[in-house]
Amino acid sequence: MSSTSVRPDVGRAVQAGSPVVPGGAPPVRRRGGPQGGWKQVAGYQAFLLPVVAVFVVLFLVPLAQTFYYSFTDFSGYSLDTEFVGLENYGRILTDPSMLAGLGFTIGFAVAQTAVITALAIPLAVALDRAFAGRSLVRSLVFFPAIPSIAVLGLVWTYILSPLGSGVLNQVIDALTGLGPFPFLSDPWMARGSVVLVAVWSQVGWHAVLYLAYLQSIPADYYEVATIDGASRPQQFRLITLPLLAPAITISTFLLMTNGLKVYDLPFTLTGGGPGYSTFTLTQSIITSGVAQGEYGRASALAVLFTLAVGAVSLSQLLWSRRIEGRIR
Amino acid sequence: MTLKDLTSRPTSRRSFLTALAAGGAATALAGCSTSTSPGGGGGGGGQRISYFSWDNQEDSKPVLDLWNEQNPDIAVDFSNAPPVAEYIAALQTRVLSGTAADVFCIAAENKTNLIDGSAVVDLSGKPFMSGINEFNAATYGRDGKPYGMSTASWGAGIAYNRALLQQVGADGVPETWDEFLALCAELKAAGITPYIEAVTGPSLVVAGFLGAQNAAQGGAMDTAIFDGSSTFEEQWTDPLAQWVRLWDEGYATRDAVGITGDQGRDEFAQGRAAMTVMGPWDVPTLRSSAADLDFSLARIPALSGGSVFLAGAASPGYAINAKSENQELAERFLTFLASAEVVKAQNEALGSITTTADYEPTVDPALEVVAQGVRAGDIYLPQIAWTRAEDKLNETGIAQAQLLVQGSQTPQGMAAEMDRTLASA
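Residues numbered from 1 in each chain as written. Chains lettered and ligands numbered in written order. Predicted model: local features only at pLDDT ≥ 70, side-chain atom pairs only at ≥ 80, totals over all residues. Heavy atoms only, no water.

**Student:** Please clarify how the overall build of chain A should be interpreted in this entry.
**Tutor:** Scanning chain A from N- to C-terminus turns up 14 helices and 0 strands. Moving toward the C terminus, one meets the helices and strands of chain A in the order α-α-α-α-α-α-α-α-α-α-α-α-α-α. For chain A, the proportion of contacts with a sequence separation of at least 24, taken over those separated by at least 6, is 64%. Taken as a whole, chain A presents about 18400 Å² of accessible surface, with 69% of it coming from carbon and sulfur. (Helix = DSSP H or I, 4+ residues; strand = E, 2+ residues; numbered from the N terminus. Contact = heavy atoms within 4.5 Å. Areas by Shrake-Rupley, 256 points an atom, 1.4 Å probe, with all protein chains shown as cover.)

Encoded structure:
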């Protein structure tokens, strides 16, 4: 509880690096002096230059170029391009695979966000408790987040193979005599399989994120709540969940943005099939644009995709903040 | 001396930062490519030629060793990237930035862009093209002008397990599709899974059917589709309808839409399916993973009124960079690559089915029938014959073929979707 005893004005003074005079007049800033002023601020901000440079060179400039190329017939092989206006955008909106890709991409992003969040929070609570071998269990839970998701996708093609020789089908057959199940050859089971592997590979990472926030909740809160007669579920609902709200915002934001940009897992696990059932927008960008050498079209796709991801992510962030404010 | 000691003095700091920058640049460049001569020799006279391959160093070594032996004064700056997407992307970046090698590979996936962008030299009339197979030259050509020198091709056919076929009294794959389906029925009745094919792309069996149809039309089928005088619906509906009978009549599992090519091959290798469709790249794997398997490859059976054919295409060709300042050396390098000695080395090292006039390749016994067909030019692959929107059509072809096998699309519907894709591309 001591963390809330610092007065805000004192905190600001400490942050500015000025001497604190409790109860006295506000500290005076000296311009150009050794302890403050624009030179010092500029000195601090100079440390941002590498980051800003990287951001401009690797993000803003390519983004501007992409926007420019989206109005041209740039092939990637010659800089002699022609302005084609909105033609690239028109072709995208009449492409049937785009709609199929859009449907699965949104469904995947929402499903993985919901399932991972629902599993990662209780998992983090469980991992926060003391038990024998806790460190080992934490490592095992976190491990699937380490290997490349593309490699995991290839491995899971053997596990989820719809043939009788598939690993999971063999296990089910040995245990129950049922199957084989068409995990990757039935459209709905294929969609579910992609979500399953995504959840398996990321739930540990997000549980660790929640765990970090859980460990910052003072134990005093729970002690007081216990004395007041609050049950475990009440403590979770009224203490843990509100104080995890910032973590939920961060976790769901990351899950949504990464879910909308997903490419490697569905591509390696199902190749986008059966049919278009697990086809993603990014796969469409790569196939229609980059692989085909139609960079103008790919750029238009990327621009629309960036705007869509930005809009969805911003909405989700605002919504999360509102919920966060409400439950706190 | 610590890092702090180094950076505390102006001169040391400059040296340190310079070294750091140089190190970073060197690391970045090394990450893009290697620039060595795998053979280890050459370069004594100072002349150099650069070559960007999609074969790795190990596979390229026999050829480059031969070059170094024959041309000790000319070093080859060798670099490579793995096929296909990574190679295409790396080459495209280098072509655009003017740093492409003197000689590089032209493939089905980039030939249109390289020729359209005037990035490759017209090889018409060059002496080294005289022994090149007409089919190979035409694959990497336009308007009768070859832009790539391809010395090998591949062909895919029906692989069959002799032991399983003998259980129903058959000693090979029949030559007509109806007889092939009858054989499948006999195998099924005997409790043997007749056929497996991973539907990860437009079918190689359909490619064989279309190849025979294209040959019967004098090689004009795709030209007609792309100039609008014919359609996919007109040309593809019947071959697709015949192919999908494998699933409609219960000879193959519909789960084939959810497996990889390797998984399909493994089912065949383990004797869980009597027949499959495969290319020469699968043969070495089968020889090592299923040493006791007695198998061979046959041509794809003929549809009514057609002929047996193979799915296949010319291997990537060697192209000369139009902006290279080493045109003469580049031509000398291509002359070397077309020589019987090099073609033989490639056949022996990579198992390539070479197609040049002055060398008869030695192939695995299982591939003898395929090799004959390949060298005769009886190969066809739609993706190679398409002149635009190849990847988009391929993407549609994969998705629609899977829907067709699942029973949620008709052959005519799939062909019509191909037409729609072409129209919107």
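**Student:** Got a minute to help me understand a nonpolar patch on the surface in this structure?
**Tutor:** A cluster of nonpolar side chains, contributed by A:Leu48, A:Val52, A:Val54, A:Phe55, A:Val56, A:Val57, A:Leu58, A:Phe59, A:Leu60, A:Val61 and A:Leu63, occupies part of the molecular surface with about 950 Å² of accessible area. Assignment of secondary structure puts A:Leu63 in helix α3 (residues 49-69). (Patch = residues over 30% accessible without salt bridge, like charges linked within 9 Å, V, L, I, M, F, W, Y side chains within 5 Å. Salt bridge = Lys/Arg side-chain N within 4 Å of Asp/Glu carboxyl O.)

**Student:** Help me out: how do you make sense of the sheet that holds strand β3 (residues 103-106) of chain B in this one?
**Tutor:** Sheet strands pair via backbone hydrogen bonds, and the direction of the pair is either parallel or antiparallel. All names here are of chain B. On the basis of which strands lie adjacent, the open sheet formed by 4 strands has the order β2-β1-β3-β11 and mixed pairing. With one partner strand each, in any of the chains shown, β2 (74-80) and β11 (317-320) form the two edges of the open sheet. Within the sheet, the average angular offset between the axes of one strand and its neighbour, ignoring direction, is 30°. Both β3 and β11 contribute to a ladder of 4 bridges, which runs antiparallel. Bridging across to β11, Ile-106 finds its partner in Gly-317. With respect to the sheet, helix α4 (residues 85-97) is in contact with β1 (47-53), β2 and β3, its orientation differing from that of β1 by roughly 135°. (Pairing = 2+ DSSP bridges. Axes fitted to C-alpha atoms, helices over the stretch in contact; angles between N-to-C directions.)

**Student:** How should I be thinking about the packing of helix α3 (residues 57-70) of chain B against helix α16 (residues 340-350) of chain B in this particular structure?
**Tutor:** Helix packing geometry: the angle between the two helix axes and the distance between the axes. All names here are of chain B. Here α3 crosses α16 at 155°, and the two axes come no closer than 8 Å. Judged on the interaxial angle alone, α16 and α3 are roughly antiparallel. Viewed along their axes, α3 and α16 form a crossing whose handedness is right-handed. On the side of α3, the interface is formed by Asp-59, Pro-62, Val-63, Leu-66 and Gln-70, while α16 contributes Glu-341, Val-342, Ala-345, Gln-346, Ala-349 and Leu-350. Across the contact of α3 with α16, the residue classes break down as 7 nonpolar, 2 polar and 2 charged. (Parallel < 35°, antiparallel > 145°, perpendicular 65-115°, else oblique. Left-handed = near helix turned anticlockwise from the far one by under 90°. Nonpolar A, V, L, I, M, F, W, Y, C, P; charged D, E, K, R; others polar.)

**Student:** I keep staring at the nonpolar core and nothing clicks. Help me out?
**Tutor:** Where a protein is soluble and globular, its nonpolar side chains tend to be buried together. Residues and elements named next belong to chain B. Ranked by size, the top nonpolar core spans 62 residues in total, and within it Phe-180, Trp-236, Trp-243, Leu-246 and Met-275 carry the most contacts. No other element matches the 7 residues that helix α9 (residues 204-216) contributes to this core. With sequence-adjacent residues up to four places away left out, Phe-180 is seen in contact with Ile-158, Val-173, Pro-174, Tyr-195, Leu-246, Met-275 and Pro-301. (Core = buried A, V, L, I, M, F, W, Y, C linked by side-chain atoms within 4.5 Å. Buried < 20%, exposed > 50% of the residue type's maximum accessible area, 1.4 Å probe, protein only.)

**Student:** What exactly am I supposed to notice about the confidence of the model for chain A here?
**Tutor:** Fine structural detail should not be taken from predicted coordinates in areas where pLDDT scores are low. Per-residue pLDDT for chain A has a mean of 83; in total, 87% of the residues score no lower than 70. Low pLDDT (under 50) marks residues 1-33 of chain A, which in the prediction has 16 contacts with non-local residues, meaning those over four places away or in another chain. (pLDDT = per-residue confidence, 0-100.)

**Student:** For this particular structure, what's the right way to read the pattern of salt bridges?
**Tutor:** Pairs can form between side chains of opposite charge whenever their charged atoms are close. Residue and element names in this part refer to chain B. For the structure on display, the rule yields 18 salt bridges over all chains. Glu-348 is paired through a salt bridge with Lys-344; the nearest N and O atoms lie 2.9 Å apart. Of this pair, Glu-348 and Lys-344 both sit in helix α16, 4 residues apart, which is roughly one turn of that helix. We classify Glu-348 as exposed; its relative accessible area is 55%.

**Student:** Explanation requested: the interface of chain B and chain A in the structure shown.
**Tutor:** Quite often, the size of an interface is put as the accessible area lost when its parts meet. On the side of chain A, 33 residues touch chain B, which itself brings 34 residues to the contact. On the surface where chain B and chain A come into contact, there are 0 salt bridges. Viewed at the interface, chain A and chain B are joined by 6 residue pairs in polar contact (both at pLDDT 80 or more). Among the elements of the structure, α4, α5 (111-116), α13 (261-269) and α19 (390-406) of chain B are those that each provide at least two residues to the side of chain B that touches chain A. (Polar contact = N/O pair within 3.5 Å; in protein donor to acceptor, adjacent residues only side chain to side chain.)

**Student:** Got a minute to help me understand unusual backbone geometry in this structure?
**Tutor:** Trans is the common state for peptide bonds, and a negative phi is the common state for residues other than glycine. For the peptide bond that leads from A:Gly273 to A:Pro274, omega is -5°, which places it in the cis range. Take A:Pro274: it is sitting in the loop between α12 (264-269) and α13 (281-291). Backbone geometry places B:Asp143, a non-glycine residue, at a positive phi of 55°. Relative to the helices and strands, B:Asp143 resides in the loop between β4 (141-142) and β5 (145-146). Phi is positive for B:Ala389, close to 55°, though the residue is something other than glycine. With respect to the helices, strands and loops of the structure, B:Ala389 is situated in the loop between α18 (382-385) and α19. Classification of B:Ala389 by relative accessible area gives buried; the value is 6%.

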